Amino acid sequence: AQSVTQLDSHVSVSEGTPVLLRCNYSSSYSPSLFWYVQHPNKGLQLLLKYTSAATLVKGINGFEAEFKKSETSFHLTKPSAHMSDAAEYFCVVRENYGGSQGNLIFGKGTKLSVKP
Amino acid sequence: DTEVTQTPKHLVMGMTNKKSLKCEQHMGHRAMYWYKQKAKKPPELMFVYSYEKLSINESVPSRFSPECPNSSLLNLHLHALQPEDSALYLCASSQRLGGDEQYFGPGTRLTVT
């Protein structure tokens, strides 16, 4: 069975400093991994995805994530935080095999706060 | 166009009311999804449609009734809801079931009084 663990429920950074949101996954097969962002009272927006191509994935708004199979990690980074980055971030793994194929498995989310 | 639209944005209903949520996409996607999201929690899958046929029902109570009238539309009919059903209801679509990313709508904020 696949699962995903977001290691921090809340991360607080100052504007202009780097962002690191940590995610570990568990998967028996080659996973598809995603990061979604949700601003307050909004839907989810796809930031980036990994689907077994390049291990360093670039997304929108300056975010990127690196797939590390040996560490079963898919951490999200951004060199310089902006106030508009304050939101909830979900790391997601997709079932690629079996009866639940296609289902998304969500982490519990990390709330990112950005201080001026 | 990567947009999924949902109406209404907000809905307040009593426990005896009947209402419907609507979702629409024009990306040619053949898989559509309903999720329920409680405050400070990740979304939970409710239903999945693939090629207009119900593919997955995650043991959702019968007071929630999904409908997929065509490949672009997905409805969620609500009847005799409970206050604990108050949540953000999200619709999503993907090119096909089991492949590609899901695109989410902005959600309908439902309050049951």
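Caption draft 1: Local environment of the packing of aromatic side chains. The tally for this structure, following the rule as stated, stands at 12 aromatic pairs over all chains. With a centroid separation of 6.0 Å and 80 degrees between ring planes, the pair formed by Phe106 of chain A and Tyr35 of chain B is classed as edge-to-face. With one member in each of two chains, Phe106 of chain A in strand E11 (residues 104-106) and Tyr35 of chain B in strand E4 (residues 31-37) form a pair that bridges those chains. Among the aromatic residues, those joined into a ring-pair cluster are Phe34, Tyr36, Phe90 and Phe106 of chain A together with Tyr33, Tyr35 and Phe104 of chain B.

Caption draft 2: Region of the structure containing the interface of chain A and chain B. If you look at the interface, chain A gives 18 residues, while chain B gives 20 residues. Taken together, both faces of the contact between chain A and chain B bury some 1,500 Å²; the carbon and sulfur share is 53%. For the interface between chain A and chain B, the tally reads 1 salt bridge. If you look at where chain A meets chain B, you find 5 residue pairs in polar contact (both at pLDDT 80 or more). For the side of chain A that touches chain B, the secondary-structure elements that each account for two or more residues are strand E5 (32-38), strand E6 (44-50), strand E10 (87-94) and E11 of chain A. Tallied by class, the residues present in the side of chain A that touches chain B amount to 7 nonpolar, 7 polar and 4 charged.

The rules behind each value
- Residues numbered from 1 in each chain as written.
- Chains lettered and ligands numbered in written order.
- Predicted model: local features only at pLDDT ≥ 70, side-chain atom pairs only at ≥ 80, totals over all residues.
- Heavy atoms only, no water.
- Phe/Tyr/Trp six-rings, centres within 6.5 Å; stacked < 30°, edge-to-face > 60°.
- Helix = DSSP H or I, 4+ residues; strand = E, 2+ residues; numbered from the N terminus.
- Contact = heavy atoms within 4.5 Å.
- Buried area = accessible area lost by both parts, 1.4 Å probe.
- Salt bridge = Lys/Arg side-chain N within 4 Å of Asp/Glu carboxyl O.
- Polar contact = N/O pair within 3.5 Å; in protein donor to acceptor, adjacent residues only side chain to side chain.
- Nonpolar A, V, L, I, M, F, W, Y, C, P; charged D, E, K, R; others polar.

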